[in-house]
Amino acid sequence: RGPGICLPGSREVVMTILVTGGAGFIGSHICQGLLERGERVVSIDNFNNYYNPQYKRENIAEVAVGHEKHFSSLAGDLLDRTFLDQVFTSYAPESVIHLAALAGVRPSIKDPIAYSEVNINGTLNLLETMQQHKVPRLIFASSSSVYGNNQVPFSEQDPVDRPISPYAATKKAGELLCYTYHHLYQLSIACLRFFTVYGPRQRPDLAIYKFMKLISEHERIPFYGDGSTQRDYTFIDDLKNGVLSAVDWIRREPPSYEIFNLGGSSTISLSQLVATIEETLGIKAQLQRLPAQSGDVERTYADISKAQRLLGYNRQTPFSEGIKSFVAWFRERGR
């Protein structure tokens, strides 16, 4: 099924996809990808001050260029049920991509109440509004954090009952709520577990952006532990393609509930990350060595065989090429 249906003698009816958190790093790329293939998109974002909201405004401005007819950006909060009801009434979305959340492992340890309120109650508000408005399809952005310190590679079949941060616990709770609404109301839902996404428009609080900025300014970077922790990095274009494939999957399949890993299916250590940035920038990093952080997992590594089989997902961008792309964007932005 394409973005719209055209009946004989009638105007085209364009279907609308609602993207929560659509002004953020990942959300803006998803909105752009949807628009480029002819979808109508409504983004909602609360533009909070977790980091400078000007970054989000710039993201939205970029996304809107050339797509003004089929793109709407709204400011509002998932905790506001009246706002949600108005959005669903006005725009009648046929699918929802739910990216909005408080992100970050370490901040969630400092303020677990806020994370529970936004990530759990916000998701519940959205699901309840969807069922009331008979919207049958949802993509839910989960996280590799739910795996904790499981053995790698992480498979969707692994038990995830031992999260080691409040953030991870809220993402697991979101998956459970999604299953409940699938069971009760036959919603078709794909829960996508993201693995350390990076690339142009990345949030300034994330490691690659932070390291890039500090190294380029010849300042010390915070270096936690001995550098052996490893992450499965996913370039934003690869993730975007995976999300778009999941949109096609929930449209194509009968009401289903599935979990998919979207990762790079390889690992890069913290030491390797710093070395790659040094080489790309041509500047030697100065390290501020700090103890390992509680809540940080030792290693992430995605088994993507299920996403390959059902979504046609594959990693296309080698890490070194992704970092070059990020550096080019970083230098162009002048930050």
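Each remark here, short or long, concerns the structure printed above.
Described below are features of the structure shown in this document.

Cut-offs and rules
Sequence order sets the numbering: in each chain, residues are counted from 1 along the sequence as written. Thresholds applied to this predicted model are a pLDDT of at least 70 for local features of residues and 80 or more for the giving and counting of side-chain atom pairs; totals over whole chains, interfaces and linings are not thresholded and use all residues. The basis for every side-chain value is the complete set of non-hydrogen atoms in the structure, without hydrogens or water. A carboxyl oxygen of Asp or Glu within 4 Å of a side-chain nitrogen of Lys or Arg is what we treat as a salt bridge. Segments assigned H or I by DSSP are reported as helices when at least four residues long, segments assigned E as strands when at least two residues long, and all are numbered from the N terminus. Angles run from 0 to 180 degrees between N-to-C directions of axes, and those axes are lines fitted to C-alpha atoms, restricted for helices to the stretch in contact. Relative orientations are named as follows: roughly parallel for angles under 35 degrees, roughly antiparallel for angles over 145 degrees, roughly perpendicular for angles from 65 to 115 degrees, and oblique for any other angle. Crossing handedness: left-handed means the near helix sits turned counterclockwise from the far one by under a right angle, and right-handed means the same turn made clockwise. Here, residues are in contact when the closest pair of their heavy atoms is within 4.5 Å. By the convention adopted, Pro, Cys, Tyr, Trp, Phe, Met, Ile, Leu, Val and Ala count as nonpolar, Lys, Arg, Asp and Glu as charged, and the other residues, Gly among them, as polar. Here, nonpolar core refers to any group of buried Ala, Val, Leu, Ile, Met, Phe, Trp, Tyr and Cys residues whose side-chain atoms link them within 4.5 Å. Burial here depends on accessible area, computed with a 1.4 Å probe over protein chains only, as a share of the maximum for the residue type. Under 20% is buried, over 50% is exposed, and the range in between is partly exposed. By the convention used here, strands pair only if DSSP detects at least 2 bridges between them.

**Examining the pattern of salt bridges**
In total, this model carries 17 salt bridges according to the counting rule given. Between Glu175 and Arg193 there is a salt bridge, with its nearest N and O atoms 2.8 Å apart. With a gap of 18 residues between them, Glu175 in helix α6 (residues 166-185) and Arg193 in strand β8 (residues 188-194) connect regions that are remote in the sequence. If you follow the salt bridges from partner to partner, you end up with Arg37, Glu39, Glu94, Arg137, Asp248 and Arg251 in one network.

**Focus: the packing of helix α9 (residues 270-281) against helix α11 (residues 319-333)**
The geometry of α9 relative to α11 is characterised by a closest axis approach of 10 Å and an angle of 55° between their N-to-C directions. Taken as axis vectors, α9 and α11 run oblique relative to one another. Of the two possible hands of crossing, α9 and α11 adopt the one that is right-handed. Taking contact as the criterion, the partners of Leu273, Thr276, Thr280 and Leu281 in α9 are, on α11, Phe319, Ser320, Ile323, Lys324, Val327 and Arg331. For the contact of α9 with α11, the residue count by class is five nonpolar, three polar and two charged.

**Some remarks on the nonpolar core**
With 70 residues, the main nonpolar core has Ile26, Ile97, Leu192, Phe194, Ile208, Leu262 and Leu273 as its most contacted residues. For Leu262, the contacting residues outside a window of four places in its chain are Leu192, Arg193, Phe194, Phe195, Thr234, Leu239, Gly242, Val243, Ala307, Leu311 and Tyr313. Residues Leu84, Leu126, Cys178 and Ile259 belong to the second largest nonpolar core, which totals 24 residues.

**As for the sheet that holds strand β13 (residues 257-262)**
On the basis of which strands lie adjacent, the open sheet formed by seven strands has the order β5-β4-β3-β6-β7-β8-β13 and parallel pairing. The outermost strands of the open sheet, each flanked by one partner alone, are β5 (71-75) and β13. With direction set aside, neighbouring strand axes in the sheet form an average angle of 20°. Bridge count for strand β6 (residues 95-98) against strand β7 (residues 137-143) is three bridges, and the pairing is parallel. Among the inter-strand pairings, Ile97 is bridged to a residue of β7, identified as Ile139. Sitting on the sheet, helix α3 (residues 81-91) is in contact with β3 (16-20), β4 (40-45), β5 and β6, with an inclination near 165° to β5. α6 contacts β7, β8 and β13 of the sheet and is inclined by roughly 160° relative to β7.

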